[in-house]
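# Tertiary structure, described
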Amino acid sequence: MSRSTRSDDPQVHDLLGIGFGPSNLALAIAIREATAGSGRIDSAVFLERQPSFGWHRGMLLDDATMQVSFLKDLVTLRNPASGFSFLCYLQSRGRLIDFINHKNLFPSRVEFHDYLEWAAAQVDDLVRYGHDVVDVRPVWRDGELDHFEVLAQVGPCSAAPVSYRARNLVLGVGLRPYLPDGITLDTRVWHSRDLLPNLRGLVPSEPSRFVVVGAGQSAAEAVDHLHREFPAAEVCAVFSRYGYSPADDSSFANRIFDPAAVQEYFTAPPEVKEMMLSYHGNTNYSVVDQELIDELYRRVYQEKVRGIERLRILNLSRLVETVRTPEGVRMVVESLVSNEKTVLDADVVVFATGYRPVDPFDLLGEAAEVCLRDDAGRALVDRDYRLRTRPEVRAGIYLQGGTEHSHGISSSLLSNTAVRAAEILGAICARSADPALDREPEYAGAPGSPA
Ligand SMILES: Cc1cc2nc3c(=O)[nH]c(=O)nc-3n(C[C@H](O)[C@H](O)[C@H](O)COP(=O)(O)OP(=O)(O)OC[C@H]3O[C@@H](n4cnc5c(N)ncnc54)[C@H](O)[C@@H]3O)c2cc1C
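Rules and cut-offs
- Residues numbered from 1 in each chain as written.
- Predicted model: local features only at pLDDT ≥ 70, side-chain atom pairs only at ≥ 80, totals over all residues.
- Heavy atoms only, no water.
- Domains from an automatic or database assignment.
- Contact = heavy atoms within 4.5 Å.
- Buried area = accessible area lost by both parts, 1.4 Å probe.
- Salt bridge = Lys/Arg side-chain N within 4 Å of Asp/Glu carboxyl O.
- Polar contact = N/O pair within 3.5 Å; in protein donor to acceptor, adjacent residues only side chain to side chain.
- Nonpolar A, V, L, I, M, F, W, Y, C, P; charged D, E, K, R; others polar.
- Phe/Tyr/Trp six-rings, centres within 6.5 Å; stacked < 30°, edge-to-face > 60°.
- Helix = DSSP H or I, 4+ residues; strand = E, 2+ residues; numbered from the N terminus.
- Buried < 20%, exposed > 50% of the residue type's maximum accessible area, 1.4 Å probe, protein only.
- Expected span 1.5 Å × (residues − 1).
- pLDDT = per-residue confidence, 0-100.
- 1 Å grid on protein atoms, 1.4 Å probe; cavity = no way out; pocket = protein on both sides within 12 Å on 5 of 7 lines; lining within 4 Å.
- Points joined across faces, edges and corners; volume = space filled by probe spheres on them.
- Lys, Arg positive; Asp, Glu negative; His and termini not counted.
- Pairing = 2+ DSSP bridges.

### Regarding the domain arrangement of the protein
Here the protein is partitioned into domain 1 (12-174 + 358-439) and domain 2 (178-246 + 285-354). Taken residue by residue, the interface counts twelve residues in domain 1 and 13 residues in domain 2. Interface area for domain 1 against domain 2, summed over the two sides, is near 940 Å², with a carbon-plus-sulfur share of 50%. The three residues of domain 1 that bury the most area against domain 2 are Gly-58, Met-59 and Leu-61, which together make up 50% of that side's buried surface. One can count two salt bridges joining domain 1 with domain 2. Among the ionic pairs, Arg-228 bridges to Asp-63, the shortest N-O distance being 2.4 Å. Applying the counting rule to domain 1 against domain 2 returns four residue pairs in polar contact (both at pLDDT 80 or more). In the side of domain 1 that touches domain 2, the residues fall into five nonpolar, three polar and four charged.

Next up, the structure:
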């Protein structure tokens, strides 16, 4: 059934970004900085569902630090002279010299969030906040898909969605929280994404036990935070690993996040792609900063010395039952070694069970039908991040994120944000300057090309 819409913006934009996290923010800045001759587009707009700029606000824990160098900010790898760099931000906040004295490549997440907000405020005119994109429709002209109509919900669901039009879409919609089967979130069952806002609303204000499920960075951070902030509460960490494993951030392994690694990954045969992900998954997935591991171990040991064990590690264990009770949550945890079961009554359970990419096809609605897929049903994506589409499609859809299968492990991270934004903008400009490029795939013969 087609929905009635309001067309507040009848213009057909050159580019419409869906989502305004760091990826599309970097793109908005690249657009703002583009000069005539270096590739310029006439009109762009970004739609973001949050009421204002926000980057993982629920996990802006006081002590959490960035896992990427500040030099991999929104711009520096694209344009080290940009006025939108982290260093320019520090200068504008009057902290440049203090930061230098700190001798630190990895600012706190709170500070980086402030940097992102500072940058976002300077391109505010390009963004419509409070716009939740709910559908994308192809618009055909003379047998060709000319542009897209994008529908966004603004305000209550009962209101008619607002309609925008664009020749190129750039999806930068990030990740969605992952939960084990059968788990439903409520006031006592949380995903780590919502940790801080949920803690602010927690009743009772003096809980006696938290359970945190998971062994990755967010899980370790949640354990650390809860143990510190609630000195009367027990914190149980439940995971199937033997122990928290350290993130490999050594120099050679770190090169997997370089722009050059994207090119190598893209052109590698499938078995090499698989090998790269499996060798170097421990640079990002289910791993924890060494410093945090050391700190948690220090606390466990110190509690043993004092005979009060408030931080309990239930390793080699899995959660077999989670039941809501009037007072909180009852969980049954089973040892993978002995099958022995432990019952834990907790005020709150936090699932720090990670994230998965948003499926672009879920968002694209009817427009998904013109996109090509590989044998596994995944999007076929060109090197310039453009979704491969049927030949009669003139309009473009580009992905920022959700391209790990084609472009490698940095796909959902910040490492390549600056460079990727330039590549996407360059591709859109090149195609609008020379429409013939639309008629043949840029990387015909690349892995995954349809025969
Ligand atoms: C707690 C945490 C810490 C992290 N720290 C690091 C780090 O230190 N280094 C690193 O490299 N990576 C880190 N990451 C990975 C993270 O994916 C990236 O930092 C970054 O958020 C990717 O930016 P993005 O713009 O692609 O996605 P996001 O930041 O997720 O932004 C996507 C945006 O799209 C919006 N959106 C989604 N759907 C719609 C829709 N239908 N309509 C309108 N808007 C929509 C969302 O509201 C959101 O604002 C971290 C992740 C988490 C969860």
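### A look at the packing of aromatic side chains
All chains considered together, the criterion is met by 16 aromatic pairs. With a centroid separation of 5.4 Å and 40 degrees between ring planes, the pair formed by Phe-86 and Tyr-89 is classed as tilted. One end of the pair, Phe-86, and the other, Tyr-89, are both in helix H2 (residues 86-93), three residues apart, so they sit about a helical turn from each other. When its relative accessible area of 0% is taken as the criterion, Tyr-89 is described as buried. Look at Tyr-89 and Trp-118: their rings are 5.7 Å apart centre to centre, the planes differ by 65 degrees, and that puts the pair in the edge-to-face class. Remark: Trp-118 occurs in helix H4 (residues 109-121) and Tyr-89 occurs in helix H2; sequence separation between them is 29 residues. Here the aromatic residues Trp-55, Phe-70, Phe-86, Tyr-89, Phe-99, Phe-112, Tyr-115 and Trp-118 are joined through ring pairs into a cluster of three or more.

### Regarding helix H6 (residues 217-229)
The end-to-end C-alpha separation of H6 is 18 Å, in line with the 18 Å expected for 13 residues at 1.5 Å each. Taking burial as the measure, the 13 residues of H6 include ten buried ones, the bulk of the element. Looking only at H6, the buried set comprises Gln-217, Ala-219, Ala-220, Glu-221, Ala-222, Val-223, Asp-224, His-225, Leu-226 and His-227.

### Quick look at the side chain of Glu-111
With respect to the helices and strands, the residue Glu-111 is situated in helix H4. For Glu-111, a relative accessible area of 15% corresponds to the buried category. Apart from the residues within four sequence positions on either side, Glu-111 is in contact with Phe-86, Tyr-89, Leu-90, Arg-95 and Phe-99.

### A closer look at the confidence of the model for the protein
Residues of the protein with pLDDT of at least 70 account for 94%, and the chain-wide mean is 93. For the stretch residues 442-451, pLDDT sits under 50, and the model shows 20 contacts to residues farther than four places along the chain or on other chains.

### Re empty space enclosed by the protein
Taken as a whole, this structure holds two cavities of 30 Å³ or more when the rule is applied. When its volume is computed, the largest cavity comes out at roughly 70 Å³. Around the largest cavity, the lining residues are Ile-256, Ala-261, Val-262, Tyr-265, Met-276, Leu-277, His-407, Gly-408, Ile-409 and Ser-410. Every element with two or more residues in the lining of the largest cavity is listed here: helix H8 (259-267) and helix H9 (270-280). Per-element tally for the lining of the largest cavity: the top contributor is H8, with three residues.

### Comments concerning the side chain of Arg-420
Within the secondary structure, Arg-420 is located in helix H13 (residues 417-433). No salt bridge is formed by the buried Arg-420. Its closest oppositely charged neighbour is Glu-423, at 7.1 Å. Residues contacting Arg-420, with those up to four places away along its chain left out, are Ser-23, Tyr-385, Leu-399, Gln-400, Gly-401, Ser-410 and Ser-411.

### Observations regarding the sheet that holds strand E3 (residues 44-47)
Here five strands make up an open sheet; going across it, the order is E4-E3-E2-E8-E19 and the pairing parallel. Each edge of the sheet is formed by a strand with only one pairing partner; in this case those strands are strand E4 (127-128) and strand E19 (396-399). Of the strand pairs in this sheet, strand E8 (residues 168-171) and E19 are connected by four bridges, and their pairing is parallel. Residue pairing for E19: Leu-171 is matched across the bridge by Leu-399.

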